[in-house]
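Topology and contacts: notes
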Amino acid sequence: MAKTTSTDVDAPGAPSVDEISERILQAIWEHRLPPGTKLVEEKLSEVFGVSRTKIRLALGRLSHDSILTVEPNRGTFVASPTVEQARQVFNARRVLEPALLRDLSGQVRREQLARLRKNIALEGEARERNDRRATIRLSGQFHLLIAELGQNPYLHKCIRELCSLTCLVIALYDAPGTPACPHHEHDAIVDALEQGDAERACMLMIEHLTHIENTLRLEMPGDEEIDFRAVFA
Ligand SMILES: [Zn+2]
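It is worth spelling out the overall build of the protein chain at this point. Within the protein chain one finds 10 helices and three strands. Listed N to C, the secondary structure of the protein chain is α-β-α-α-β-β-α-α-α-α-α-α-α in terms of helices and strands. Counting over 233 residues, the protein chain shows a buried share of 45%. Partitioning the contacts of the protein chain with sequence separation of at least 6, the portion at a separation of at least 24 is 77%. Summed over all atoms, the accessible surface of the protein chain reaches about 13,000 Å², with 52% contributed by carbon and sulfur.

With antiparallel pairing, the three strands of this open sheet are ordered in space as β1-β3-β2. A strand with exactly one partner marks an edge of an open sheet, and here the two such strands are β1 (38–39) and β2 (68–71). Inspection of the sheet shows β1 paired to strand β3 (residues 75–78) by two bridges, in the antiparallel sense. Note on β3: the bridge partner recorded for Leu 39 is Thr 76.

This paragraph deals with helix α2 (residues 41–48). Within the sequence span of α2, burial applies to Glu 41, Leu 44, Ser 45 and Phe 48. The arc enclosing the buried residues of α2, seen along the axis, measures out at 100°, which places them on a common side. In this structure, α2 carries Lys 43, Glu 46 and Val 47 as exposed residues pointing more than 90 degrees from its buried face. The secondary structure elements touched by the buried residues of α2 are α1 (17–29), β1 and α3 (52–64). Backbone geometry just after α2 places Gly 49 at a positive phi near 65°.

Time to look at the nonpolar core. In terms of nonpolar packing, the biggest core is built from 59 residues, with Ile 24, Leu 101, Leu 116 and Ile 146 touching the most fellow members. At 10 residues, the largest contribution of residues to this core is made by helix α7 (residues 153–173). When we break this core down by domain, the ones giving at least three residues each are domain 1 (17–78) and domain 2 (83–215).

Moving on: the side chain of Asp 65. Among the structural elements, Asp 65 can be located in the loop between α3 and β2. Discounting chain neighbours no more than four positions away, the residues touching Asp 65 are Lys 157 and Glu 161.

Turning our attention to the confidence of the model for the protein chain. A residue-level look at the protein chain finds 88% of positions with pLDDT of 70 or above and a mean pLDDT of 87. Within the model, pLDDT remains below 50 along residues 1–7, and this stretch shows six contacts once partners closer than five positions in the same chain are excluded.

On to the environment of Ile 136, then. Within the secondary structure, Ile 136 is located in helix α6 (residues 132–149). Exposure remark for Ile 136: the relative accessible area of 3% places this residue in the buried category. In the structure, Ile 136 is positioned 105 residues away from His 31 in sequence and 8.7 Å away in space, judged by C-alpha atoms.

If you walk through the whole model with that rule in mind, you get 21 salt bridges. Residues Asp 65 and Lys 157 are paired through a salt bridge, measuring 3.7 Å at the closest nitrogen-oxygen approach. With Asp 65 in the loop between α3 and β2 and Lys 157 in helix α7, this residue pair connects regions lying 92 residues apart in the sequence. Look at Lys 157 and you get partly exposed, because its relative accessible area is 44%.

At their nearest, the axes of helix α5 (residues 110–128) and helix α8 (residues 183–194) sit 10 Å apart, and the two run at 170° to each other. When the interaxial angle is binned, α5 and α8 end up roughly antiparallel. Within the contact between the two elements, α5 uses Leu 113, Leu 116, Arg 117, Ile 120, Glu 123, Gly 124 and Arg 127 and α8 uses His 183, His 186, Asp 187, Val 190, Asp 191, Leu 193 and Glu 194. Tallied by class, the residues present in the contact of α5 with α8 amount to five nonpolar, three polar and six charged.

It is worth spelling out unusual backbone geometry at this point. Residues other than glycine seldom take positive phi values, yet His 31 does so here, at roughly 65°. Within the secondary structure layout, His 31 lies in the loop between α1 and β1. Unlike most non-glycine residues, Asn 73 shows phi in positive territory, near 65°. Within the element layout of this structure, Asn 73 appears in the loop between β2 and β3. A residue is classified by how much of its surface remains accessible, and Asn 73, at 86% relative accessible area, is exposed.

What counts as what
Residues numbered from 1 in each chain as written. Predicted model: local features only at pLDDT ≥ 70, side-chain atom pairs only at ≥ 80, totals over all residues. Heavy atoms only, no water. Helix = DSSP H or I, 4+ residues; strand = E, 2+ residues; numbered from the N terminus. Buried < 20%, exposed > 50% of the residue type's maximum accessible area, 1.4 Å probe, protein only. Contact = heavy atoms within 4.5 Å. Areas by Shrake-Rupley, 256 points an atom, 1.4 Å probe, with all protein chains shown as cover. Pairing = 2+ DSSP bridges. Arc of directions from axis to C-beta. Core = buried A, V, L, I, M, F, W, Y, C linked by side-chain atoms within 4.5 Å. Domains from an automatic or database assignment. pLDDT = per-residue confidence, 0-100. Salt bridge = Lys/Arg side-chain N within 4 Å of Asp/Glu carboxyl O. Axes fitted to C-alpha atoms, helices over the stretch in contact; angles between N-to-C directions. Parallel < 35°, antiparallel > 145°, perpendicular 65-115°, else oblique. Nonpolar A, V, L, I, M, F, W, Y, C, P; charged D, E, K, R; others polar.

So, in structure tokens, the structure goes:
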């Protein structure tokens, strides 16, 4: 029989695989685990008080969603999207999120609108107290909530993945001091939904996503070769 080590057995009340992957995801959303961070199974198993098998399952789940990348012989890392991938993330969101709004519009219920407004209010409060981590998480959650209300599990899964990748993109390419999602734009989208104006809601969402993309510095070196002559002219 194999010798039992501290990491073979779960501590009492240890979190489930779901809970572990959720907590890692939350840390990524809040930029507590920046892009490119190496996730060491042994250390995580100590922190969570669970077996390495459970950690491996949690990491496997997240790498399946493209949030983590597994590099053979090197380990598992928080994904670090390139400029091109960042643009693809926004392009995908501009296709999918209006589709969700179109589905929702005309059948959105009062309590669903209230949940969206509540999320906006919490985001506003986080912004007021300069809690950048909470602001970024809540602004992403607004989009996730729309996906959840849309009741299409496949779209929901895609949006969840794309929103997580967006958080990583913001961590990598954010210009200092720019907000995650311009606050009033979420309000305007909910107003259009409430009025049953699907076309306006879709247009506002596309503009909103373009707006976020444009606040990022996605023209980084590496996109094209640096002209040293021009730099030092
Ligand atoms: Zn937003």
